[in-house]
Amino acid sequence: GEAVYRELPRALSNAWAAYRGGLAAGLVRQGPPAQQWRALETALAALGAQLAALCLPGASGEALTALLDGCPAGRWVEVVFEAEGAALLGLPFEALTLPDGRPLALHPSVVTTRRPWGLTPAVAGHVLAGPLKLLVAVAAPDEGQSKSAVLDLERELQVILDAVAPARRDQQGQVRFLEIGHPDEIAKALCADAYHVLHLSCHGQPGQLLLFGLTGTLAGL
């Protein structure tokens, strides 16, 4: 199916705002009570339905459901959401529901990804052999340079080291830490070598990761 919109449907904007509002209120109270959790679940379901109306027009929802439910065990379907701009790319596509109400992202045969509009997808080549190679970039803004809480850099790094310790001990894992979590430095590292995993620890907002450079200034990605 195909549909064209001049702007984001108002029903979707309202559903997204309602869910964020309910979630923010619960976080302020250090965890919403059971009644509020139910309200959040209802709001999330409504948001998922509106996302489905936007992304799966016509009979495309039923066609996707049939494809997924008929997928053999061990096989998967990559569902890619392409959008232009942080506002659209930051929509919670993972909340989208299939026509029968099941969340798309929780289907066992689904892998969901998002990609900026117009970006050419990488062509599958040879599979990178082991051991597991992990590139870690921690973007911790200087105090006073961000309205968000300053990341505990030492704790972030220790959690990562603890997680990969068994693999490193058995020589099944390699980890490289970047001293500067800036987009340019990450790009240089990825161009210089191949990695299985890029791990980012940073603040974020819808459609944008907030990375920082030498001076602690904001560098959005």
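As a starting point, this report considers the structure included with it. (Residues numbered from 1 in each chain as written. Predicted model: local features only at pLDDT ≥ 70, side-chain atom pairs only at ≥ 80, totals over all residues. Heavy atoms only, no water.)

**Section: the overall build of the protein chain**
Threshold: For helices the rule is a DSSP run of H or I covering at least 4 residues; for strands it is a run of E covering at least 2, with both sets numbered from the N terminus onward. Residue exposure (1.4 Å probe, protein chains only): buried if accessible area is under 20% of the type maximum, exposed if over 50%, otherwise partly exposed. In what follows, a contact means two residues having at least one pair of non-hydrogen atoms within 4.5 Å.
Within the protein chain one finds six helices and eight strands. When the helices and strands of the protein chain are read in sequence order from the N terminus, they spell out α-α-α-β-α-β-β-α-β-α-β-β-β-β. Across the 221 residues in the protein chain, those meeting the buried criterion constitute 30%. Across the protein chain, every contact between residues at least 6 apart in sequence was considered, and the portion connecting residues at least 24 apart equals 70%.

**Notes on the sheet that holds strand S5 (residues 197-201)**
We apply this condition: Pairs of strands are assigned from DSSP output, requiring at least two bridges between the strands. Angles shown run from 0 to 180 degrees and are taken between the N-to-C directions of axes, each axis being a line fitted to C-alpha atoms and, for helices, limited to the stretch in contact.
Strand order in the open sheet made by the three strands is S4-S3-S5, with parallel pairing throughout. Each edge of the open sheet carries a strand with a single partner, namely strand S4 (173-178) and S5. On average, adjacent strands in this sheet sit at an angle of 20 degrees to one another, irrespective of strand direction. Pairing of strand S3 (residues 132-138) with S4, which is carried by six bridges, proceeds in the parallel orientation.

**Some details on the environment of Leu44**
Mapped onto the secondary structure, Leu44 falls in helix H2 (residues 34-55). Taking the C-alpha atoms as reference, Leu44 lies 9.4 Å from Arg20; in sequence the two are 24 residues apart. Excluding its chain neighbours within four sequence positions, the residues that come into contact with Leu44 are Tyr19 and Ala95.

**A short note on the environment of Leu56**
With respect to the helices and strands, the residue Leu56 is situated in the loop between H2 and helix H3 (60-69). By relative accessible area, which is 18% here, Leu56 ends up buried. Between the alpha carbons of Leu56 and Ala3 there is a distance of 8.9 Å; along the sequence they are 53 residues apart. For Leu56, the contacting residues outside a window of four places in its chain are Leu51, Gly61, Leu64 and Leu96.

**Quick notes on the nonpolar core**
Definition in use: What is meant by a nonpolar core is a set of buried Ala, Val, Leu, Ile, Met, Phe, Trp, Tyr and Cys residues, joined one to another through side-chain atoms within 4.5 Å.
Counting residues in each nonpolar core, the largest one holds 23 residues, and the members touching the most others are Leu47, Leu51, Leu68, Leu96 and Leu104. Elements with a contribution of two residues or more to this core: helix H1 (10-28), H2, H3 and strand S1 (77-83). When residues in this core are grouped by element, the largest group, five residues, is from H2. Dropping the residues within four chain positions of it, Leu68 is found in contact with Val77, Leu98, Leu104, His107, Ser109 and Val110. Leu135, Leu178, Ala189 and Leu211 belong to the second-largest nonpolar core, a separate cluster that totals eight residues.

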